[in-house]
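# A structural walkthrough
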Amino acid sequence: MSGASQNGGAYQQLLARTRDIGRLRGAEELLQWDQETCMPPGGLTPRAEQLALISGLAHEWLVVDEFGRLLEAARREGSTDGDPVRTTNLREIQRLHDREVRLPTALVKDIAHTSALARHAWVEARAHSDFARFAPLLARLIELRREVAERVGFTGEPYDALLDEFEPGATVAVIAPLFAELREATIALLRRLQAAPAKPDASILTRAFPVPVQQTLSRQLAELLGFDFERGRMDVSAHPFTTSIGGGRDVRFTTRYLEDFLPSSLFGTLHEVGHALYEQGLPPEHIHTPMGWSVSLGIHESQSRTWENFVGRSRPFWEGCYPRLRGLFPSVLHDISVGNFYNAINAVRPSFIRVEADELTYNLHIVLRFELERALILGKLNVQDVPEAWNEKMRDLLGVTPPNDAQGCLQDVHWSMGGFGYFPTYTLGNLYGAQFFAQAQRDIPDLDGRIRAGNCRPLLDWLRTNIHQHGQRYRAHEIVQRVTGKPLSLEPFLEYVTEKFAAVYGL
Ligand code: ZN
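Everything quoted here is computed from the prediction, not taken from an experiment.

### Describing the overall build of the protein
The secondary structure content of the protein amounts to 21 helices and 3 strands. Computed over its C-alpha atoms, the radius of gyration of the protein comes to 23 Å, within 12% of the 23 Å expected for a compact globule of 507 residues. Principal-axis analysis of the C-alpha atoms gives the protein an extent of 70 × 55 × 45 Å. Residue burial in the protein is summarised as follows: out of 507 residues, 57% are buried. Sequence separation of 24 or more characterises 72% of the internal contacts of the protein that already satisfy a separation of 6 or more. Put simply, the protein has 54 plus and 63 minus side-chain charges, and the middle of one group is 2 Å from the middle of the other.

### What to know about the pattern of salt bridges
Going through the model one piece at a time under the given rule, you end up with 36 salt bridges. Where Asp-335 meets Arg-207, a salt bridge forms, and the shortest distance between an N and an O atom there is 2.9 Å. Within this pair, whereas Asp-335 is found in the loop between helix H13 (330-333) and helix H14 (338-345), its partner Arg-207 is found in the loop between helix H8 (172-195) and helix H9 (211-225), the two being separated by 128 residues in sequence. The partner of Arg-369 in a salt bridge is Asp-412, with the nearest N and O atoms 2.6 Å apart. Linking Arg-369 in helix H15 (residues 362-378) with Asp-412 in the loop between helix H16 (386-398) and helix H17 (424-443), this pair joins segments that are 43 residues apart in sequence. Take Arg-369 and Asp-412: they sit in the same class, and that class is buried.

### Focus on the sheet that holds strand S2 (residues 242-244)
As summarised here, the arrangement of the 3 strands in space is S1-S3-S2, forming an open sheet in which the pairing is mixed. Two strands close off the open sheet at either side, each with one partner strand: strand S1 (232-236) and S2. Neighbouring strand axes in the sheet, compared pairwise and without regard to direction, differ in orientation by 20° on average. Across 5 bridges, the pairing between S1 and strand S3 (residues 251-255) is parallel. Each residue of the ladder has a partner; that of Val-236, found in S3, is Thr-255. Packed on one face of the sheet, helix H10 (residues 262-281) meets S1, S2 and S3 and runs near 170° to S3.

### Let's talk about the coordination of the zinc ion
The coordination sphere of the zinc ion, as far as protein atoms go, consists of His-271 (NE2), His-275 (NE2) and Glu-301 (OE), spread over 2.1 to 2.2 Å. Counting the intervening residues between successive donors of the zinc ion yields the motif H-x3-H-x25-E. Of this pair, His-271 sits in helix H10 while Glu-301 is found in helix H11 (residues 297-311), placing the two residues 30 residues apart along the sequence. The class for His-271 is buried, based on a relative accessible area of 11%.

### Digging into the domain arrangement of the protein
According to the domain assignment, the protein contains domain 1 (10-153) and domain 2 (172-504). Put simply, the middle of domain 1 and the middle of domain 2, counted by C-alpha atoms, are 26 Å apart. Contact with domain 1, which involves 37 residues of that partner, is made by 41 residues of domain 2. Of the roughly 3,400 Å² buried between domain 1 and domain 2, counting both surfaces, carbon and sulfur atoms make up 68%. Per-residue buried area on domain 1 facing domain 2 is highest for Trp-33, Trp-122 and Phe-131; these three make up 20% of the total on that side. The interface formed by domain 1 and domain 2 holds 1 salt bridge in total.

### A word on the pairing of S3
The side chains of a regular strand alternate, first on one face of the sheet and then on the other. In terms of residue burial, S3 counts as a mostly covered element, since 5 of its 5 residues are buried. Burial along S3 is two-sided: the residues Val-251, Phe-253 and Thr-255 and Arg-252 and Thr-254 are all buried. In this structure, S2 lies alongside S3, joined through 3 bridges in antiparallel fashion. Looking at S3, one finds that Thr-242 is bridged to Phe-253.

### Topic: the nonpolar core
If you look at the biggest cluster of nonpolar residues, it comprises 130 residues, and the most contacted ones within it are Phe-341 and Trp-415. In terms of residue count, the dominant contributor to this core is H15 (10 residues). Three or more residues apiece are contributed to this core by two domains, here domain 1 (10-153) and domain 2 (172-504). Here Trp-415 is in contact with Phe-134, Leu-138, Leu-141, Arg-369, Leu-372, Glu-373, Leu-376, Val-386, Trp-390, Cys-409, Phe-420 and Phe-423, once residues within four sequence places are set aside. With 15 residues, the next largest nonpolar core counts Ala-10, Tyr-11, Leu-14 and Leu-15 among its residues.

### Describing the packing of aromatic side chains
Summed over the entire model, instances satisfying the criterion amount to 16 aromatic pairs. Aromatic side chains Phe-310 and Tyr-496 sit 4.9 Å apart centroid to centroid with 85° between the ring planes, which places their arrangement in the edge-to-face category. One end of the pair, Phe-310, is in helix H11; the other, Tyr-496, is in helix H21 (residues 491-504), and 186 residues separate them in sequence. For the pair Phe-310 and Tyr-496, one class covers both residues: buried. Ring plane angle 70° and centroid distance 4.9 Å describe the contact between Trp-318 and Phe-341, whose orientation is recorded as edge-to-face. Linking Trp-318 in helix H12 (residues 315-328) with Phe-341 in helix H14, this pair joins segments that are 23 residues apart in sequence. Taken as a pair, Trp-318 and Phe-341 share a single burial class, namely buried. A cation sits over an aromatic face here: Arg-252 above Trp-33, 4.6 Å from the ring centre.

Calculation criteria
- Each chain has its residues counted from 1, following the order in which its sequence is written.
- Only residues with pLDDT of at least 70 are given local features in this predicted model, and only at 80 or more are side-chain atom pairs given and counted; all residues enter the totals for whole chains, interfaces and linings.
- Side-chain metrics rest on all non-hydrogen atoms present in the structure, leaving aside hydrogens and water.
- Strands here mean DSSP runs of E at least two residues long; helices mean DSSP runs of H or I at least four residues long; both are numbered from the N terminus.
- Radius of gyration: over C-alpha atoms. The globule rule applied is 2.2 Å multiplied by the number of residues raised to the 0.38 power.
- Buried means the residue's accessible area, taken with a 1.4 Å probe over protein chains only, is under 20% of the maximum for its type, while exposed means over 50%, and partly exposed covers the values in between.
- Contacts: residue pairs with any heavy atoms within 4.5 Å of one another.
- A residue counts as positive if it is Lys or Arg and as negative if it is Asp or Glu; His and the chain ends are not included.
- Positions of charges follow a simple convention, taking NZ of Lys, CZ of Arg, CG of Asp or CD of Glu.
- A pair is scored as a salt bridge if a Lys or Arg side-chain nitrogen falls within 4 Å of a carboxyl oxygen belonging to Asp or Glu.
- Strands are treated as partners if at least two bridges between them are detected by DSSP.
- Working convention: axes come from line fits to C-alpha atoms, limited for helices to the stretch in contact. Angles between N-to-C directions cover 0 to 180 degrees.
- Because no water is among the atoms considered, metal sites can look incomplete, with donors defined as N, O and S atoms within 2.8 Å of the metal, or 3.2 Å for Na, K and Ca.
- Boundaries between domains were set according to an automatic or database domain assignment.
- A 1.4 Å probe defines the accessible area here, and the buried area is the portion of it lost by two parts on being joined, summed over both.
- Here, the term nonpolar core denotes a set of buried Ala, Val, Leu, Ile, Met, Phe, Trp, Tyr and Cys residues that are joined through side-chain atoms within 4.5 Å.
- Two rings from Phe, Tyr or Trp (for Trp, the six-membered ring) form a pair when their centres sit within 6.5 Å of each other. Planes less than 30 degrees apart are called stacked, planes more than 60 degrees apart edge-to-face, and all others tilted.
- Remark: a charge is flagged as sitting over a ring if the NZ atom of Lys or the CZ atom of Arg is within 6 Å of the ring centre and within 35 degrees of the ring normal.

Structure follows, in structure tokens:
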């Protein structure tokens, strides 16, 4: 562990070591970014080994006795009263240490290695729509994750321990009733929209939009929202994602281009830029320490959904931006008005693929995965029965049956990464985001007018002031309460979708 200062007391030494772990994690992120964007297929085996080695090292540095002793000494060193930075750093480093110390290095390495192989098997399985090729590794990952849950501990059920890794403090006891209520309200609104006489025509989005022009559009949108290309990159990958390799100074996002489906790059870019803006807005002086980290995946997702949906699928945004879009694709959009375009990007239609789902039905996809994951971890659902269980839930929730497993249970990458407990953060992000955005509209004078004028700065500044700059100072539930004056509730999201889609569907 280079760089650990021998001076400055236990707390400073602890921070130096934490920063070293952050640097190592940055290298791990870079290897993962490379695997998704440019690694040749032959690099898979050595890459899996490299990632397992680094995961193991980062884990060892965090759980080594000396780290635990420094943590103890730093806690005894003095009162943390009145020093929120120190309080936050100690609280969150302790939390990380307590969790990791219960996991043997061999288990951590096994998960990293199995995940890298499972990722590959999943790609193959999906390409051939052959669940059997993925099933054995999925079963192994479930076993490994159950072991993690047992070792980390939980008060409710094993799934809580997995959830807590991505959304600290979240539990099934809180999420399950919230999701059940959301499910009912969503299906009720969906039925009303399906019965509406007028339906938006979304077919214009499947016209031929030349990919090089889409690339120009993506870059322009990233700049419009405030992404800093001096501190970041935009690349292409099969599955869009954002990663931070050197705190806010090297933030990379990816997007993907389909000539005959504009929303893929358009909303993929707006979404990932939302994540990237959060990373670029974290306080640079706290790089690689909890005060410089994002709160949780749910809060992260609230940022991406804000720019993708509350801004990027709004009427004011396109009233301002549509002339530019039509200027880029004059022959494709010459006969389409801004109103038609706005309606097209807000068409609600149950579909197979989560990442292409509209704002309303999206959460039903998450409810489905949440229910299946819980059952898998509890052992109430066997891996070989996943395809059938998936299709049955698709019928129950969305009224559609996937034609094959590639468009069904094999569509998402998360299970191949062992990411059970990850999916609920998507819906939590939608709910947090709606609550934050409603507050931003109250706080920022004429926010709609500013967005219509192409000025995204006031909203970005509001997010930076209220959320980004605090790092992990507040937990998710605290930041929601602090920013909006209320605990998390379904109300802002349900009000938003009801009002918006009633207008789009002329109800
Ligand atoms: Zn996201």
